[in-house]
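Residues per chain, in single letters:
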Amino acid sequence: MFQNMTLSKAYGLFTIGFLIFSFVLLLLEVTIGLSTAIIGWAFLILTMGLYAVIGIMSRTKVLDEYYVAGRRVPAFFNGMATGADWMSAASFLSMAGSVWLLGYDALAYIMGWTGGYVLLALLFAPYLRKFGQYTIPDFVGARFGGNRARGVAAVCAVIVSFTYVTAQVVGVGLIMSRFMGVPYELGVVIGLSGVLLCSFLGGMKAVTWTQVAQYVILIVAYIVPVTFLSLKLTGFPIPELAYGQALQEITRLEKEQKIAKGYIDPYNEPLTNASAVAAVTQINNQFGAGWPVPTPKSVPPAPITPGVGGWQGTPWDMMALTFVLMIGTAGLPHILIRFYTVPSIRESRVSVGYALFFIFLLYFTAPAYAAFSRWEILQNVVGLKIGTVDDGGKTWTTVLAKDGKPLPWVLNFSKTGLLTITDGNKDGILQFSEIGINADLIVMSTPEIAGLPYTIAALVAAGGLAAALSTADGLLVVIASAVAHDFYFRILNPKASAQTRMNLGKAMVVVAAAAAALAAMPRLALIVQMVSWAFSLAAASFFPIVLLGIFWKRANGTGAIAGMIGGMAVTIFYMVNNYLDPNFNILGISHLSSGLFGAATNFALTIVVSLVTAPPPKEIQDFVDNVRHPRDEDVVESKPAAAPAE
Amino acid sequence: MSDKKEGGNRLDAYWKANLQLIWILLAIWFAVAYVPPLFVNQLNTIVIAGFPLGYYMGSQGSLVVFVILIFYYAWRMNKMDQEYGLRDKDK
C-alpha cells in the first residue's frame, strides 16, 4: 500500500508546505496586519482538516489494520508516530514550564521521559514484536496462562489510559479557549471530533499516519519560537547550544534581585500538600461534596529560607521520580503497542532509536525554552510598574509597559486563571515573587511575553493541539482494544466474528471519547494530578511483570496477579497518604514517585509467590524461549504465541 | 551466512550474549542518569560554555547518551542475529 519512497516524499512535501504556510501568515501579519482571529482559525482549520483527510483516507475494515496498522509501518515512521503518541499536552505545554518553575529538580522529567526508552529498547520492544499480537493484556494472558491475568492487565490498561486521555482533553479545551476565543466546553467538543474523525474509521492505521503529520507540526511549533527567542536574546539562532548564556544571566539576575531559590541549585523544593488542599477545595465548591480539607503542611515547615542562601534537601526524591518516570514510560500500553506495528524484529529495535531521537529533539530544546523564558522575564518584565485595568466589569491587576500602557498579554492570560499578578509589598513595582504563573502557561505565553508576532503564538497553539490530539488518539485505541478485544473477544465471547469485534471496537472509541469529555468538563485540578500518577500506576503494574515474563521463565500467573494487585495497592496507599499529608514520607519521596514502592512490591510478590507455587507448564516455558530470539533458520518453528487464528 | 555459529546450544549462546550486552548498556544508562544527581553541586563548579556541568548532565548530557545507547544496541543485535543464523521474516 504505502511505499517508503512515496511516504517520505509525501511527508517531506507536507513539512515544506506547512513551513511555507506559516511563513506566509507571518508575512501577511507583519505587512498588512492580518487579524489574530484569522491567523488562529487558519491554523486550526488547516491542521484539523488535514487530520480528518488522513483519517478518512486510512479507513479500514480489516482487524489487523484497525489494531496494529497491518504491521507495515516502517521503523522511521513508527518512530515519528511514537514521538507524537508519546509527547502529550504535558510534554509540550507543561514540561518546559516545570523546568522554568522548579529549576534543576524538574530535570527529572527530561531524563525520566527519555531514559525510559532505553529500557523499552533493551528489555521490551524486540520481544513484544516477536510475540506479535494486538494488546499488552494479550501478552500478559499468553505468558501468564489465562484470562485472569489478562483481565487484571486489561483493567490496569483502562485505568492508566483513561486518566491520561482525560488530561489530554483538558489540554485541548485550554488551548482552544485561549487561542480561538471559544468557550472551554465547545473547545473540548471541537477537539474531540478531530480525534474521532481520525481514530473511529481507521483505528491504529489512521492514528499512525495522522501521528506522523502531528509530529511534524508539533516539532516545528516547538522549535520555531525558541529559535526566535534565542536570536533575540543572544543573537545566535541555535537555542540548544546558546542557553548556557541564559543560565549565567539568570544566576546573575537572581543575585541582583535577591531571589532565594536558585534556578541551577538542586533539591530546593519542599514537600507540600498545597495541590491536595486546592483540589479538595475545588471539588467541595463545585459539587458541594463536603470532603474534609487537609490542613496545609510543608516539609520542612515554611518558611524554609529565613534569609538568602537557600535550603537544600536530599537527592532521593528527584532520583526516585526519574526512575518511576522511566519504568512508567516503558510500561505504558499505548507506547508498547506501537512496537507491534512494525514489520519485523530488526525494525522494532531501530524504531525505538528513531522514536527516542524524535522525542529527543523536543526534550533537548525544552531546557533552553525554559531558560530563555526565565531570562526574558527576569530581565524585561520584573521591575516594571504594576497598575490596574478594567475589563468585563472587573478590575484586574496588571503590568504596565515602559510607555505606561498595560501589557496586553497579562490581561489575556489572567483571564484564563493561570496568571495572577499581586503587588505583595505594595511598592508598585513588579518583583519576581509577585508573578503567580502556572507551569502550563510558560510555553504558550512566552512568544507574546517576548513580543514575537502573533503567528508564532498561534503556531504554538497548533503544536500543543497536535500533541494533545495525537496522544488522545493512541490512548483511545488502547481503551477500545482492551474492551473489545481483551474483555469481549478473549474472555466473554471467543466465537465473536471479526465484524462484531470491529463494530464493538469502533463503538468503544466513541464511548471512551465521550466519557473523557464528560470527565474533563469540570476542569478539576485533580485530573491533571492524575496524569503524573499514571506513570506510578504503570510502573507498579506492567513494568515488573512484563520484564519478569520475558527474562525469568519461572515467573507464573499466580505470581503475576499477586504482583500487579499488590503493586497497585501499595502505590495507591503511599500516594494518597503522602498527597494529603507530606509528613507521611520515606526519604522525602513524594506521591509523584509512589510507583517506586509499588514496583518494588510487585517484583517481590511476583518472585516470592511464583517460587512457592508450581512452575509454569512446558508450553509457557517454550513460549518464553520463542519470544527471546528471531526465527531460527535451521528449525521449522511451530506458530509462535499460543493464540487462536482469526 | 557462512560464518554462522555452530553447536546445539546456539540459541543459549545467543541469549547469553544478548544478556551480556544488555547489562553493559544498562550500566552506562544508570551511570549517566543516577550518578550526576548525587554530585550535582560538585559538578556545577565546572562550567563549560556557560553550562554548569551538573545541570547540563540532567538537561542534555544524559539524553545524548540514551539515544546513542539505543541505536548501538539495535545495530549490534541486528548484526548478531545474522551471526547466529536468526532471521525474522514471519509477519
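Residues numbered from 1 in each chain as written. Chains lettered and ligands numbered in written order. Predicted model: local features only at pLDDT ≥ 70, side-chain atom pairs only at ≥ 80, totals over all residues.

**Comments concerning helix α9 (residues 184-234) of chain A**
All names here are of chain A. As a reminder, the rule being used: Secondary structure elements follow DSSP: runs of H or I of four or more residues count as helices, runs of E of two or more count as strands, with numbering from the N terminus. Multiply 1.5 Å by the residue count of a helix minus one, and that product is the helix's expected span. The seven residues ending at a residue and the seven starting there each receive a fitted axis; the angle between those axes is the bend at that residue. Field definition: a residue is buried when 20 or more other C-beta atoms are found within 10 Å of its C-beta, exposed when 12 or fewer are, and partly exposed for counts in between, with C-beta atoms placed from the backbone.
Between the first and last C-alpha of α9 there are merely 37 Å, a value that for 51 residues lags more than 12% behind the 75 Å anticipated at 1.5 Å per step. By the largest-angle criterion, Gly203 marks the main kink of α9, which is about 135°. Buried residues dominate α9, accounting for 39 of its 51 residues.

**Re unusual backbone geometry**
One non-glycine residue, Arg71(A), lies in positive phi territory at about 50°. Summarising the element assignment, Arg71(A) is placed in the loop between α3 (63-68) and α4 (75-86). Classification of Arg71(A) as partly exposed rests on a count of 18 C-beta atoms within 10 Å. Phi angles above zero are rare outside glycine, and Ala49(B) is one such case at about 50°. Following the sequence through the fold, Ala49(B) ends up in the loop between β1 (47-48) and β2 (51-52). For Ala49(B), a count of 12 C-beta atoms within 10 Å translates into the label exposed.

**Structural notes on helix α22 (residues 595-612) of chain A**
Each full turn of the α-helix corresponds to 3.6 residues, which orients residues three or four apart in the same direction. All names here are of chain A. Put simply, the rule reads: Two residues qualify as a contact pair if the distance between their C-beta atoms, derived from the backbone, is within 7 Å.
Over its 18 residues, α22 runs 25 Å from end to end, which matches the ideal 26 Å to within 8%, given 1.5 Å per residue. Among the residues of α22, those classed as buried are Gly595, Leu596, Phe597, Gly598, Ala599, Thr601, Asn602, Leu605, Thr606 and Ser610. Packing partners of the buried residues in α22 comprise α12 (316-330), α20 (525-551) and α21 (557-580).

**Structural notes on the interface of chain A and chain B**
Interfaces are often described in size by the accessible area the parts lose on coming together. Rules: Gly falls in the polar group here, along with every residue not listed as nonpolar (Ala, Val, Leu, Ile, Met, Phe, Trp, Tyr, Cys, Pro) or charged (Asp, Glu, Lys, Arg).
On the side of chain B, 41 residues touch chain A, which itself brings 42 residues to the contact. Among the elements of the structure, α6 (107-131), α10 (239-256), α12, α14 (345-363) and β7 (631-632) of chain A are those that each provide at least two residues to the side of chain A that touches chain B. For the side of chain A that touches chain B, the element with the most residues is α14(A), which contributes 10 residues. Here the side of chain A that touches chain B is built from residues that sort into 25 nonpolar, nine polar and eight charged.

**With respect to the environment of Asn425(A)**
Residue and element names in this part refer to chain A. Following the sequence through the fold, Asn425 ends up in the loop between β5 (419-421) and β6 (435-437). For Asn425, a count of 10 C-beta atoms within 10 Å corresponds to the exposed category. Placed 351 residues apart in sequence, Asn425 and Pro74 show a C-alpha to C-alpha distance of 59 Å.

**Observations concerning the domain arrangement of chain A**
Residues and elements named next belong to chain A. Cut-off, in case you're wondering: What fixes the domain bounds is an automatic or database domain assignment.
Annotation of chain A at the domain level lists domain 1 (4-235 + 319-371 + 455-627) and domain 2 (372-445). For domain 1 and domain 2, the distance between their C-alpha centroids amounts to 34 Å. Domain 1 puts 19 residues into the contact, and the matching count from domain 2 is 12 residues. Those elements that provide at least two residues to the side of domain 1 that touches domain 2 are α5 (89-102), α9, α15 (366-381) and α18 (454-492). Per element, the largest residue contribution to the side of domain 1 that touches domain 2 is eight residues, and it comes from α5. Residue composition of the side of domain 1 that touches domain 2, grouped by class: 13 nonpolar, five polar and one charged.

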